[in-house]
Amino acid sequence: MVLKTRYFGELEISEEQVINFKHGIPGFENVKRFVLIDSDEEGLPFKWIQGVDEPKPAFVIVDPFVIRRDYEINLNDEVLDELEIKSQSDVLVFCIVVVPEDVNKMTVNLQAPLVINTVNRKGRQLILDTDRYSVRHYILEEVQGREDKDDAGTDKEKGSVHSHK
């Protein structure tokens, strides 16, 4: 089938690529079918999720575990049953990214992940019941903070590691 998109023009997709969101995505509850589109930018962790039946909803998404290594969600029985999840290996998790004009202020909504069963192509956006994550988590601050921790104790010029005894 030919998919008319807002940002990518016309794309040829198969029915097997379509992910069904029974409840839609908040703000776009009437759009139930979406497709994942890889980013053109090689080496970046971003993808797109694009509405199939309507070209307007198209969101930049990212694997939250790339942003926060300690990211975790617990799926309750209702979600496991609705999405018919049998194994953790059948699940993909993404979060929606907001890219403003100043990309240094790019944020990700870690509070409301998209959970997708890759076997049956069912998806749902969850609202996590925790204050651990923000709806506007600054991506560059997180990545920069992690790089600073990873480089702690390293002499960047010589590449040596210092021991503090």
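Here the residue index of a chain counts from 1 through its sequence in written order. Thresholds applied to this predicted model are a pLDDT of at least 70 for local features of residues and 80 or more for the giving and counting of side-chain atom pairs; totals over whole chains, interfaces and linings are not thresholded and use all residues. Where side-chain values are given, they derive from all heavy atoms of the structure, hydrogens and water being excluded.

Caption draft 1: A look at the environment of His 137. Inspection of the secondary structure puts His 137 in strand β11 (residues 137-138). Relative accessibility decides the category of a residue: with a 1.4 Å probe and only protein chains considered, values under 20% of the type maximum give buried, values over 50% give exposed, and everything between is partly exposed. With relative accessibility at 14%, the residue His 137 sits in the buried group. In this description, contact between two residues means that some pair of their heavy atoms is separated by no more than 4.5 Å. With residues near it in sequence (within four places) discarded, His 137 still touches Ile 67, Arg 68, Met 106, Thr 107, Val 108, Leu 110 and Glu 142. Under the DSSP-based scheme used, a helix requires at least four consecutive residues in state H or I and a strand at least two consecutive residues in state E, with every element numbered from the N terminus.

Caption draft 2: Here's a closer look at the nonpolar core. Among the nonpolar cores identified, the biggest contains 28 residues, and Phe 46, Tyr 71, Val 97, Val 108 and Ile 139 are the most heavily contacted of them. Setting aside chain neighbours within four positions, we find Phe 46 in contact with Ser 39, Val 60, Ile 61, Val 62, Val 97, Met 106 and Ile 139. The term nonpolar core refers to a set of buried residues drawn from Ala, Val, Leu, Ile, Met, Phe, Trp, Tyr and Cys, joined through side-chain atoms within 4.5 Å. Formed by 12 residues, the second largest nonpolar core is a distinct cluster that contains Phe 34, Phe 59, Ile 96 and Leu 114.

Caption draft 3: How the structure looks around the pairing of strand β10 (residues 122-125). Pairing of strand β3 (residues 18-21) with β10, which is carried by two bridges, proceeds in the parallel orientation. If you follow Phe 21 over to β10, its bridge partner there is Gly 123. Alignment of strand β9 (residues 114-117) against β10, held across four bridges, turns out to be antiparallel. The partner of Ile 116 across the bridge, within β10, is Gly 123. In sequence, β9 turns back onto β10 through a hairpin of four residues, with Arg 121 there showing a positive phi of about 60°. Pairing between two strands requires that DSSP report at least two bridges joining them.

Caption draft 4: Broad picture of the side chain of Gln 50. Positionally, Gln 50 belongs in strand β5 (residues 46-51). For this analysis, a polar contact is any N or O atom pair within 3.5 Å, provided that within protein one partner can donate a hydrogen and the other can accept it, and provided that sequence-adjacent residues contribute only side-chain to side-chain pairs. Among the polar contacts listed, one links the side chain of Gln 50 to the backbone oxygen of Pro 55, at a separation of 3.0 Å. Within the local environment of Gln 50, its side chain forms a polar contact with the backbone oxygen of Pro 57, the two atoms lying 3.5 Å apart. Gln 50 has contacts with Leu 3, Thr 5, Arg 6, Arg 33, Phe 34, Val 35, Ile 37, Pro 55, Pro 57 and Ala 58, leaving out every residue within four places of it along the chain.

Caption draft 5: Quick look at the packing of aromatic side chains. Working definition: rings of Phe, Tyr and Trp (its six-membered ring) pair if their centres are within 6.5 Å, and the pair is stacked with planes under 30 degrees apart, edge-to-face with planes over 60 apart, and tilted otherwise. Under the definition given, this model contains six aromatic pairs. Between Phe 8 and Trp 48, the aromatic rings sit 5.3 Å apart at their centres with planes inclined by 90°, giving edge-to-face as the arrangement. Of this pair, Phe 8 sits in the loop between β1 (2-4) and β2 (10-12) while Trp 48 sits in strand β5, and the two are 40 residues apart along the sequence. Here Phe 8 falls in the partly exposed class, since its relative accessible area comes to 22%. Using a relative accessible area of 18% as the deciding quantity, one classes Trp 48 as buried. Judged by centre distance (5.5 Å) and plane angle (80°), the ring pair of Phe 65 and Tyr 71 falls under edge-to-face. The buried category is assigned to Tyr 71, whose relative accessible area is 4%.

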